[in-house]
Amino acid sequence: MENWLKTVNIRLLREEDLPELEWGGEYKRYRRIYREIYRNSQKGLSIPLIAETAAEGIVGQVFLSQKEPNLNYGIRTRYYFLSSFRVRAEFRDHGVGSLLLQECEKQARLHRIRDIYLNCERTNNRARWFYQEHGFKVVRIDEGTWTYVNDEGFVVTEPQNAYLMKKTLSWILFK
Ligand SMILES: CC(C)(COP(=O)(O)OP(=O)(O)OC[C@H]1O[C@@H](n2cnc3c(N)ncnc32)[C@H](O)[C@@H]1OP(=O)(O)O)[C@@H](O)C(=O)NCCC(=O)NCCS
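Residues numbered from 1 in each chain as written. Predicted model: local features only at pLDDT ≥ 70, side-chain atom pairs only at ≥ 80, totals over all residues.

Undergrad: Before we go on, may I ask you to explain the nonpolar core in this structure?
TA: Note on soluble globular proteins: their nonpolar side chains tend to be buried together. One finds Leu 82, Leu 100, Cys 104 and Ile 116 to be the most contacted residues of the largest nonpolar core, which totals 34 residues. Put simply, the parts of the chain that give this core at least two residues each are helix H2 (31-42), strand S2 (46-53), strand S3 (57-67), strand S4 (79-87), helix H3 (96-110), strand S5 (115-121) and strand S7 (155-168). The element contributing the most residues to this core is H3, with 6 residues. (Core = buried A, V, L, I, M, F, W, Y, C linked by C-beta atoms within 7 Å. Buried ≥ 20, exposed ≤ 12 C-beta atoms within 10 Å, placed from the backbone. Helix = DSSP H or I, 4+ residues; strand = E, 2+ residues; numbered from the N terminus.)

Undergrad: Looking at this structure, I do not really get the environment of Val 156. What am I missing?
TA: Relative to the assigned elements, Val 156 resides in strand S7. As for Val 156 and Leu 110, which are separated by 46 residues in sequence, their C-alpha atoms are 35 Å apart.

Undergrad: Sorry, what's going on with the site of the ligand here?
TA: For the ligand, the set of nearby residues contains 18 residues, the closest of which are Arg 92, Gly 95, Gly 97, Ser 98 and Glu 133. Elements represented by at least two residues in the shell around the ligand include exactly S4, H3 and helix H4 (125-133). The leading source of residues in the shell around the ligand is H4, at 4 residues. Counted by class, the shell around the ligand contains 8 nonpolar, 5 polar and 5 charged residues. (Near = placed C-beta within 6 Å. Nonpolar A, V, L, I, M, F, W, Y, C, P; charged D, E, K, R; others polar.)

Undergrad: Would you mind showing me how to read unusual backbone geometry here?
TA: Most of the time, phi is negative for any residue but glycine, and the peptide bond is trans. Its identity as a non-glycine residue notwithstanding, Trp 23 has a phi of 50 degrees, on the positive side. Looking at the secondary structure, you find Trp 23 in the loop between strand S1 (9-12) and H2. A count of 14 C-beta atoms within 10 Å places Trp 23 in the partly exposed class. The phi dihedral of Ser 84 falls on the positive side, at around 50 degrees, and the residue is not glycine. When you line up the elements, Ser 84 lands in strand S4. The exposure class of Ser 84 is partly exposed, given the 15 C-beta atoms found within 10 Å.

Undergrad: Just checking my understanding: could you explain the environment of Ile 47 for this structure?
TA: Looking at the element boundaries, Ile 47 is found in strand S2. On a C-alpha basis, the gap between Ile 47 and Leu 82 in space is 9.5 Å, while along the polypeptide they are 35 residues apart. Non-local contacts of Ile 47, meaning those with residues more than four positions away in its chain, are made with Ser 41, Leu 64 and Gln 107. (Contact = placed C-beta atoms within 7 Å.)

Undergrad: How should I be thinking about H3 in this particular structure?
TA: In this model, H3 (15 residues) spans 21 Å end to end at C-alpha, consistent with the 21 Å of a helix rising 1.5 Å per residue. Within H3, burial applies to Val 96, Gly 97, Leu 99, Leu 100, Leu 101, Cys 104 and Ala 108. Buried residues along H3 sit against S1, S2, S3, S4, S5 and H4. Downstream of H3 by one or two residues, Arg 112 has phi in the positive range, about 55 degrees. (Expected span 1.5 Å × (residues − 1).)

Undergrad: Honestly, the pairing of S3 in this entry has me stumped. Any pointers?
TA: Each regular strand displays side chains that alternate between the two surfaces of the sheet. For S2 and S3, the ladder comprises 8 bridges, and the chain directions are antiparallel. Considered in S3, the bridge of Ile 47 is made with Leu 64. The antiparallel pairing of S2 with S3 creates a hairpin that spans 3 residues between the two strands. Note that S3 and S4 share 7 bridges and pair antiparallel. Note on S4: the bridge partner recorded for Gln 66 is Tyr 80. (Pairing = 2+ DSSP bridges.)

So this is what it looks like as structure tokens:
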């Protein structure tokens, strides 16, 4: 492990972090989503995690949102949906993403939630490889659109062509 990696701190998102999640404007359009995730974390419905270093501030993020069983999809227990997973480009491939994922799994176990789902764009081979290396499997193709309200209050519909991926945490590690 490289020295700077040892100084990476994984912690919960705080309200004052919200502007920094926009990465200088690149993700400004998701402002309302981030605020919603933060509010949900205050109600115990989401776990937004931040990776930071003392020198660089926030270098990565991942959000876990708690979802209820969905019998339409044959999902019979509560689960976490993982989203907005990213590490700043210059810090990738050094283990920060793995640290964030480890913490996600730790949190899932703490909350007795066994299944973690996520969407990975079908063109994002690198991310899919990363997830597979960490035990996620493709369960379905999710094609269509998704809709959100941007920072200016407009409803935006974006195309989605993603793999739905899932990891079931082992029972043994729940003990
Ligand atoms: C996907 C993403 C979050 C992974 O984060 P990361 O910090 O690069 O992840 P890691 O460094 O833990 O692992 C990446 C690779 O680096 C390698 N690596 C891990 N620790 C390392 C170290 N200390 N030294 C060198 N390489 C290392 C791993 O082998 C890993 O390879 P793998 O993908 O074959 O498992 C990051 O690539 C990213 O932000 N991508 C753009 C946004 C994105 O696509 N997000 C996913 C949306 S679905």
